[in-house]
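# Residue-level structural notes
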Amino acid sequence: MFSTDFKTTEELPEPSPRLIDQVIGQDEAVKIIVSAVKNKRNVILLGEPGVGKSMIVKAVGEIISDFGEFKPYYIIAKPNLKNMERPIVEVIDGEYKEEHKEMPKLDFKTPNSTTLILIMIGAILISEYLLKFLPQQYLLAAVSIASLIVLIFGFVIILTSIMGASRTSMAGNINPSDLKPVLLYECKKRPLVRASAYNVTRLLGDIKHCPLGGRPPLGTPPHKRIILGAIHEAHRGILYVDEIKTMPLDVQDYILTALQDKQLPISGRNPNSSGATVETNPIPCDFILIMSGNMDDVYNLRAPLLDRIDYKIVLKNKMDNTLENRDKLLQFIVQEIKNNNLNPMTYDGCCEVVRIAEYLAGSKDKLTLRLRLLANIIKMANDVAMGKEVEELLGNFDEKGNYNPETQKDKKNKVYITAEHVRKVFDTGIYSMEKQVALNYIKNFKRYKHIVPNDTPKVGVVYGLAVIGSGGIGDVTKIIVQILDSKNPGTHLLNISGDIAKHSITLASALSKKLVSEKKLPLPEKDIDLTNKEIYIQFSQSYSKIDGDSATAAVCLAIISALLEIPLKQDFAITGSLDLSGNVLAIGGVNEKIEAARRYGFKRVIIPEANMIDVIETEGIEIIPVKTLDEIVPLVFDLSSIKKDNKKEEKSEEVAKA
Ligand code: ADP
């Protein structure tokens, strides 16, 4: 099973402290992301939930400091005294120090009184000069002109000083501390900033509402109400946006602008708030964008944004079931135990986790990489293992309800997670809502279902197999075919909803008619006029929605049986798709389907040969792989009754002759 032999996980080496070494099964993706980030490329990670998208980004975040030099910086916001609604945000290189908190100088444009005084002195000097050198007759005129100049300048000085005073007193209404710049963010090492796509404020920043409002007097000045966005905090680092499905279209446009311009202003986002009138200058935001989501989520992204993403990486959801990968899964178990402080696991417990990884991958040949699910199962198995302890703990209360921990101290037995605990979690399906719903469905309906395995052969009745919903539980479906002579020939489907199922049954109907009319089947021949046959196909008591083509082979057999009136044995269930040439094609959920046949007590289950590689558990039922419909026919039709009938006929003919 594994390359090392061990009794419990305690004997195995400690997991690496570096998160990047803990990522299992996504080596390719990790390599590409590391190189993308090194080269400042944008990336989108797509994949099923719980395959490690966030983990990989977090792991890259741990090592980005190693990717070249980083210039630390800090971001401050200052009031803009010319226009308070347009606060100034600056990104400044270096480390932030207290002295950066200086008050900005009040820069009111008052007329320059020094100049005026100089002009006045000049005017007086000129007057003196005139007094000395001008002839008497001009003197009076000159003195009057000089005193007029002095008067005018004096008036201007008085007026401007009054204006200046009033402006200064206006500024005096502002609390001086409100004029201080504020530190919005300080970044000392290359940042990795995570934000969910739906959280617009977190992503792009906002301006808080000011309850006092109005200007002047001011309440909280706008520069103190700025909320920096994740795009700004990610400057010179990585912005990681998850849940891309939820990203509003206008936010996508903003992110696109930020990527292109490498700067974006912050403005108030709520139109009903006083913040709405405030907008900062464009703030630098030069970041690498990493986004993640499920495969389909990508269709929610606008094409121009998607175009800006250089690497589009799809994470794997399965890996090959090799010794090397089983060892990796073992490493994963050890990591989960360490990271979540769980009890150690026995060797058998680890083998059981591998078996579940096969089940969840749908194949013996593969191991699931939906590791969050597997991690949850391990954690719950730990809880089950601790269950006994919980009972013991509850037993430690005396009659008066006082807790007596004495017995706990005496506890010598160490708790281990065993195969039994792991299996219990898997079988009860407590890790999955869908599985529980499916289990309840089976529990509730099995007793009402008219499924009688190994019954006497019947014409037009066959047992097909299905998987209920997405719960990973299989079920047996009884398929009944009735054929009537009618003036309206055709095929009618009952209880069948999905398009794929409908098409597959049309195919089964066409193929069975062809085979019957060509008389090439290894069955007694019969002349049938197919032009007046009305075929009814019922998926009896099938309460869950059936879609897919895995019942094609079953339906085909039931129609042939009904047309030729040859009974089908009832000791088998069958799953398999068909092509028009009668080849049996692979289906999904083979393990769940075999499990269902086993649960109902069938002796045999017929499956496509191509699915044999997927089969995990072969115990308790005969599994018959088939490649073509021809191979199935001799296995399932009961010719004994026909031979008997023929013999009877022969006998009666002989009797008649005699
Ligand atoms: P996603 O973002 O794809 O939904 P996460 O990265 O949040 O998945 O994975 C959740 C948890 O599952 C991780 O914290 C880790 O415990 C486990 N896990 C998922 N994928 C991996 C992986 N590839 N290698 C190791 N552990 C994993």
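Every residue gets a number counted from 1 within its own chain, in the order that chain's sequence is written. Under the rules for a predicted model, residues below a pLDDT of 70 receive no local features and side-chain atom pairs below 80 are neither given nor counted, while totals for whole chains, interfaces and linings still include all residues. For side-chain calculations, the full set of non-hydrogen atoms in the structure is used, while hydrogens and water are omitted.

### Let's talk about empty space enclosed by the protein
A cavity here means a set of 1 Å grid points, computed over protein atoms only, where a 1.4 Å probe fits but cannot escape. A pocket is an open set with protein on both sides within 12 Å along at least 5 of 7 lines, and lining residues have an atom within 4 Å of a point. Grid points are joined across faces, edges and corners, and a volume is the space filled by probe spheres set on the points. A full pass over the atoms with the stated rule returns 1 cavity of 30 Å³ or more. Empty space within the largest cavity amounts to approximately 50 Å³. Lining the largest cavity, in full, are Leu-515, Val-516, Lys-519, Leu-521, Leu-523, Pro-524, Glu-525, Lys-526 and Leu-564. Split into classes, the residues belonging to the lining of the largest cavity amount to 6 nonpolar, no polar and 3 charged. As a working rule, the residues Ala, Val, Leu, Ile, Met, Phe, Trp, Tyr, Cys and Pro are called nonpolar, Asp, Glu, Lys and Arg charged, and the rest polar, with Gly in that last group.

### Regarding the side chain of Arg-225
For the purposes of this entry, the term helix denotes a DSSP run of H or I that reaches at least four residues, the term strand denotes a run of E that reaches at least two, and both are numbered from the N terminus. As for its position among the elements, Arg-225 is in the loop between β6 (206-207) and β7 (226-227). Although Arg-225 lies buried, it forms no salt bridge, and the closest oppositely charged side chain, Glu-85, sits 5.2 Å away as judged by the N-O distance. Each residue is assigned to one of three classes by its accessible area relative to the maximum for its type, calculated with a 1.4 Å probe on protein chains only: buried under 20%, partly exposed between the two thresholds, exposed over 50%. Under the convention used here, Asp and Glu are negative, Lys and Arg are positive, and both His and the chain ends fall outside the count. The working definition used for a salt bridge is a side-chain nitrogen of Lys or Arg within 4 Å of a carboxyl oxygen of Asp or Glu.

### Focus: the UniProt feature "active site" (unreviewed entry) in the chain
UniProt positions are given in the numbering used here, feature names are shortened, and annotations may be inferred rather than shown by experiment. Taken from the UniProt record, the annotation "active site" (unreviewed entry) applies to Ser-550 and Lys-593. Across 44 residues of sequence, these annotated residues stay compact in space, with a maximum C-alpha separation of 10.3 Å. Structurally, Ser-550 can be placed in the loop between β19 (533-540) and α17 (552-564). Judged by its relative accessible area of 12%, Ser-550 is buried. Among residues more than four places away in sequence, those in contact with Ser-550 are Leu-465, Thr-575, Gly-576, Ser-577, Ile-587 and Lys-593. On the basis of relative accessible area, Lys-593 is assigned to the buried category, the value being 4%. Setting aside residues up to four positions removed in sequence, Lys-593 forms contacts with Leu-465, Ala-466, Val-467, Ser-550, Thr-575, Ile-587 and Gly-588. Looking at Lys-593, its side chain comes within polar contact range of the main-chain oxygen of Gly-588, at 3.1 Å. Note on contacts: a residue pair is in contact if any heavy atoms of the two residues lie within 4.5 Å. As used in this structure description, the phrase polar contact means that two N or O atoms lie within 3.5 Å; if the pair is within protein, one of them must be able to donate a hydrogen and the other to accept it, and residues adjacent in sequence are counted only when both atoms belong to side chains.

### Section: the site of the ligand
Here a residue is considered near a molecule or strand provided that any single heavy atom belonging to it is located within 4 Å of it. Surrounding the ligand, one finds 16 residues, the nearest of these being Ile-24, Gly-50, Ser-54, Met-55 and Glu-336. At 3.2 Å from an oxygen atom of the ligand is found a main-chain nitrogen or oxygen belonging to Val-51. Contact between the ligand and Arg-372: an oxygen atom at 2.9 Å from a side-chain N or O atom of the residue. Against a free-state accessible area of 560 Å², the protein chains account for coverage of 84% of the ligand. By definition, a pocket or cavity contains a molecule when more than half of the molecule's atoms lie within 2 Å of the pocket's grid points. In this structure, the ligand is accommodated by the second largest pocket. Going through the elements one at a time, α3 (53-63), α10 (323-339) and α12 (371-395) are the ones with two or more residues in the shell around the ligand. The element best represented in the shell around the ligand is α3, accounting for 3 residues. Residue-level accessible areas treat just the shown protein chains as cover; the underlying method is Shrake-Rupley with a 1.4 Å probe.

### With respect to the nonpolar core
Ranked by internal contacts, the top residues of the largest apolar core, which has 42 residues, are Ile-231, Leu-239, Phe-287, Leu-289 and Met-291. In contact with Phe-287, not counting residues within four places along its chain, are Asn-42, Ile-231, Ala-234, Gly-237, Leu-239, Ala-258 and Leu-259. As used in this record, nonpolar core signifies buried Ala, Val, Leu, Ile, Met, Phe, Trp, Tyr and Cys residues forming a set joined through side-chain atoms within 4.5 Å. Judged by nonpolar contacts, the second largest core, of 41 residues, contains Ala-554, Leu-557, Leu-568 and Val-584.

### Some words on the sheet that holds strand β12 (residues 311-314)
Should DSSP find at least two bridges between two strands, the strands are taken to pair. Across the sheet, which stays open at both edges, the 5 strands sit in the order β5-β8-β11-β1-β12 with parallel pairing between neighbours. Lying at the two open borders of the sheet, with one neighbouring strand each, are β5 (192-196) and β12. Neighbour to neighbour, the strand axes of the sheet diverge by 20° on average, direction disregarded. Sheet topology places strand β1 (residues 43-46) next to β12; 4 bridges connect them, and they run parallel. The residue bridging Val-43 from the neighbouring strand is Tyr-311, located in β12. The axes are straight lines fitted to the C-alpha atoms, using for helices just the contacting stretch, and the angles between their N-to-C directions are given from 0 to 180°.

### Here we look at unusual backbone geometry
Phi is positive for Lys-262, which is not a glycine, with a value near 60°. Mapped onto the fold, Lys-262 is located in the loop between α8 (249-261) and β9 (263-264). Although it is not a glycine, Asn-454 sits at a positive phi angle of roughly 60°. With respect to the helices and strands, Asn-454 occurs in the loop between α15 (433-446) and β15 (455-458).

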